[in-house]
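# Architecture at a glance
As a plain string of letters, each chain reads:
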Amino acid sequence: MGPLGHFSLGLVAKPAVPKVPLGILLLATWIFDVLAIAFGLAGIEKGGSAGLPWSHGLFMSVIWSVLAALLTARIYRDHRAGVVVGLLVFSHWVLDFVSHPIPFSSFSWRSWQWSYGHPLPSDLPLLFGGSPKVGLGLYNSISAVEATALELGMFILGSAVYATYVSKQRKAGRSLPG
Ligand SMILES: [Zn+2]
């Protein structure tokens with residue numbers, strides 16, 4: 001799933017953890033893609049048929065989520081903040097599990113079209129290289145336009161939840177930390 005879909009859950013989570021800045025919540029939902037870029041540049045993940053076990057494997061996703069939860073609980077001295085951020089980090093895997101594999105991976109500016117390679121095989125490893133790969137493949141069966149509409153819809157709903165929260169806080173005269 002793309003950033004808009006992931007970010008929508010960060011927006012929805014804000015009212016549950018007023019202490020944690022929105023930017024941290026959004027980053028939490030997208031951290032696996034940041035890791036994928038970093039691991040790709042470092043040569044740790046090669047992608048392709050090996051998948052992305054260190055950033056998107058189920059096993060490592062659980063490890064990263066627990067680490068994020070512990071770190072957040074410590075920084076904010078708040079168990080709930082830790083649990084929410086840990087769940088947001090793990091939500092990336094859940095949304096990717098539903099949507100992956102993503103077949104419209106290249107966009108041509110010349111023809112203004114996504115190139116499709118349907119259907120792709122599942123690409124989220126359970127453990128590391130060579131382990132079974134999973135993914136329900138929603139984006140294998142819908143178009144890039146439909147996928148974009150879905151993510152935009154999720155983002156708009158998330159923004160509405162966030163905007164409602166902000167206006168309530170303003171009315172109550174509370175200042176917002178981020
Ligand atoms: Zn991802």
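Details of the structure are given in the entry above.
Being a predicted model, the structure only gives us computed values, none of them experimental.

Definitions and limits used
Residues numbered from 1 in each chain as written. Predicted model: local features only at pLDDT ≥ 70, side-chain atom pairs only at ≥ 80, totals over all residues. Heavy atoms only, no water. Donors = N, O, S within 2.8 Å, 3.2 Å for Na, K, Ca; no water. Tetrahedral: all angles 85-135°; square planar, octahedral: opposite > 155°, others 65-115°. Helix = DSSP H or I, 4+ residues; strand = E, 2+ residues; numbered from the N terminus. Buried < 20%, exposed > 50% of the residue type's maximum accessible area, 1.4 Å probe, protein only. Axes fitted to C-alpha atoms, helices over the stretch in contact; angles between N-to-C directions. Parallel < 35°, antiparallel > 145°, perpendicular 65-115°, else oblique. Left-handed = near helix turned anticlockwise from the far one by under 90°. Contact = heavy atoms within 4.5 Å. Nonpolar A, V, L, I, M, F, W, Y, C, P; charged D, E, K, R; others polar. 1 Å grid on protein atoms, 1.4 Å probe; cavity = no way out; pocket = protein on both sides within 12 Å on 5 of 7 lines; lining within 4 Å. Points joined across faces, edges and corners; volume = space filled by probe spheres on them. Phe/Tyr/Trp six-rings, centres within 6.5 Å; stacked < 30°, edge-to-face > 60°.

On the protein side, the zinc ion has D33 (OD), H56 (NE2), H92 (NE2) and D96 (OD) as donor atoms, found 2.1 to 2.3 Å from it. In this structure, the zinc ion is surrounded by four donor atoms whose angles at the metal cover 83 to 173°, and the resulting shape is irregular. The sequence pattern describing where the donors of the zinc ion fall on their chain is D-x22-H-x35-H-x3-D. Taken together, the positions of D33 in helix 2 (residues 22-41) and H92 in helix 5 (residues 79-99) put the pair 59 residues apart, joining distant regions of the chain. Residue class for H92 comes out buried when judged on its relative accessible area of 0%.

Now for the packing of helix 2 against helix 5. Interhelical geometry of helix 2 versus helix 5 gives an angle of 45° and a closest axis separation of 8 Å. Viewed along their axes, helix 2 and helix 5 adopt a mutual orientation that is oblique. In terms of crossing hand, the pair formed by helix 2 and helix 5 is right-handed. Facing helix 2, whose interface residues are L25, A28, T29, W30, I31, F32 and D33, helix 5 presents V85, L88, V89, S91, H92, W93 and D96. Within the contact of helix 2 with helix 5, the residues separate by chemical class into nine nonpolar, three polar and two charged.

Right, let's get into helix 1 (residues 3-13). Among all positions of helix 1, only G5, H6, S8, G10, L11 and A13 are buried. Residues of helix 1 that are buried make contact with helix 2, helix 5 and helix 7 (144-171).

Space inside the largest pocket adds up to approximately 320 Å³. Lining the largest pocket are 15 residues, and of these A68, L71, T72, V85 and V89 lie nearest its centre. For the lining of the largest pocket, the elements supplying multiple residues, two or more each, are helix 2, helix 4 (58-76) and helix 5. In terms of residues, the lining of the largest pocket owes the most to one element, helix 4, which gives seven residues. When its residues are assigned to classes, the lining of the largest pocket shows 14 nonpolar, one polar and no charged.

For the coordinates displayed, the defined rule picks out seven aromatic pairs. Aromatic pair F7 and W30: ring centres 6.0 Å apart, planes at 65°, arrangement edge-to-face. Remark: W30 occurs in helix 2 and F7 occurs in helix 1; sequence separation between them is 23 residues. We classify F7 as partly exposed; its relative accessible area is 21%. Centre to centre, the rings of W93 and F97 are 5.2 Å apart; their planes meet at 10°, and the pair counts as stacked. Taken together, the residues span about one helical turn, with W93 and F97 both in helix 5 at a distance of four residues. The exposure class assigned to W93 is buried, which follows from its relative accessible area of 7%. Given the relative accessible area of 24%, F97 is considered partly exposed.

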